[in-house]
Amino acid sequence: EEYCSTWGHKACHSFAPNCEYSWAVHPRFGRIRAVNTIRILQAGEEVLTDYRYCISKAPKWYKEDLRNFLVINFKMEEDDIEEYIEKMERNNLEKQRFGER
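Read on for a plain summary of the structure. (Residues numbered from 1 in each chain as written. Predicted model: local features only at pLDDT ≥ 70, side-chain atom pairs only at ≥ 80, totals over all residues. Heavy atoms only, no water.)

**Brief notes about the pairing of strand β3 (residues 30–37)**
Threshold: If DSSP finds at least two bridges between two strands, the strands pair. The numbering of helices and of strands both runs from the N terminus, where a helix is a DSSP run of H or I of at least 4 residues and a strand a run of E of at least 2.
The pairing of strand β2 (residues 19–26) with β3 spans 8 bridges and is antiparallel. Within the sheet, the bridge partner assigned to S22 lies in β3 and is A34. Hairpin connection between β2 and β3: a loop of 3 residues separates the two successive antiparallel strands.

**Here we look at the side chain of S14**
What counts is decided by this rule: Per-residue accessibility, obtained with a 1.4 Å probe over protein chains only, is compared with the maximum for each type, and a residue is labelled buried under 20%, exposed over 50%, and partly exposed between these values. What qualifies as a polar contact is a pair of N or O atoms within 3.5 Å, subject to a donor-acceptor requirement within protein and to the restriction that residues adjacent in sequence count only when both atoms come from side chains.
As for its position among the elements, S14 is in the loop between β1 (12–13) and β2. By relative accessible area, S14 is classed as buried at 14%. At 2.9 Å, the side chain of S14 and the backbone nitrogen of A16 are in polar contact.

**So, the nonpolar core**
What counts here: Nonpolar cores are built from buried Ala, Val, Leu, Ile, Met, Phe, Trp, Tyr and Cys residues. Side-chain atoms within 4.5 Å join them into one set. Residue contacts are defined here by distance: any two heavy atoms, one from each residue, within 4.5 Å place the two residues in contact.
Residues F15, I55, A58, Y62, L66, F69, L70, M76, I81, I85 and M88 constitute the largest nonpolar core, which totals 11 residues. Residue contributions to this core peak at 4 residues, all from helix α1 (residues 60–74). When near neighbours in sequence (up to four residues on either side) are disregarded, I81 contacts R67, L70, V71 and M76.

**Examining α1**
Because each turn of an α-helix spans 3.6 residues, side chains separated by three or four positions end up pointing in the same direction. We apply this condition: Helices are assigned an expected span. That span is 1.5 Å times one less than the residue count. Here, the arc refers to the directions that run from the helix axis to the C-beta atoms.
Counted at 1.5 Å a residue, the expected span for α1 with its 15 residues is 21 Å, and the 21 Å between its end C-alpha atoms agrees. Those residues of α1 lying buried are Y62, L66, F69 and L70. Taken around the axis of α1, the buried residues stretch over an arc of 95 degrees, which confines them to a single face. Seen from the buried face of α1, the exposed residues on the opposite side, beyond 90 degrees, are K60 and I72. In this structure, the buried side of α1 is in contact with β1 and α2 (78–97). Residue K75 follows α1 closely and has a positive phi angle near 55 degrees.

Structural data, given as structure tokens:
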């Protein structure tokens, strides 16, 4: 049987993505999630999207990856990371209250 769905589930997570989730219209299924590149990818390059998990519900690997990303890319200290994560949570709660996401 031939595969007849999207390849969106093949995208890996990165806080420095080269792709983003968007919407597309499928002839059979209507409006579906899609993955679009945000820059030209090289042949064989991994497809990376930001999963944008709610930090309070995120798996352990995601939280650890976020901390590593903030330390490596922004030279953040532990106190700054905690403050940043708390701010992310407040923003997520606000979005949920107003039906965004």
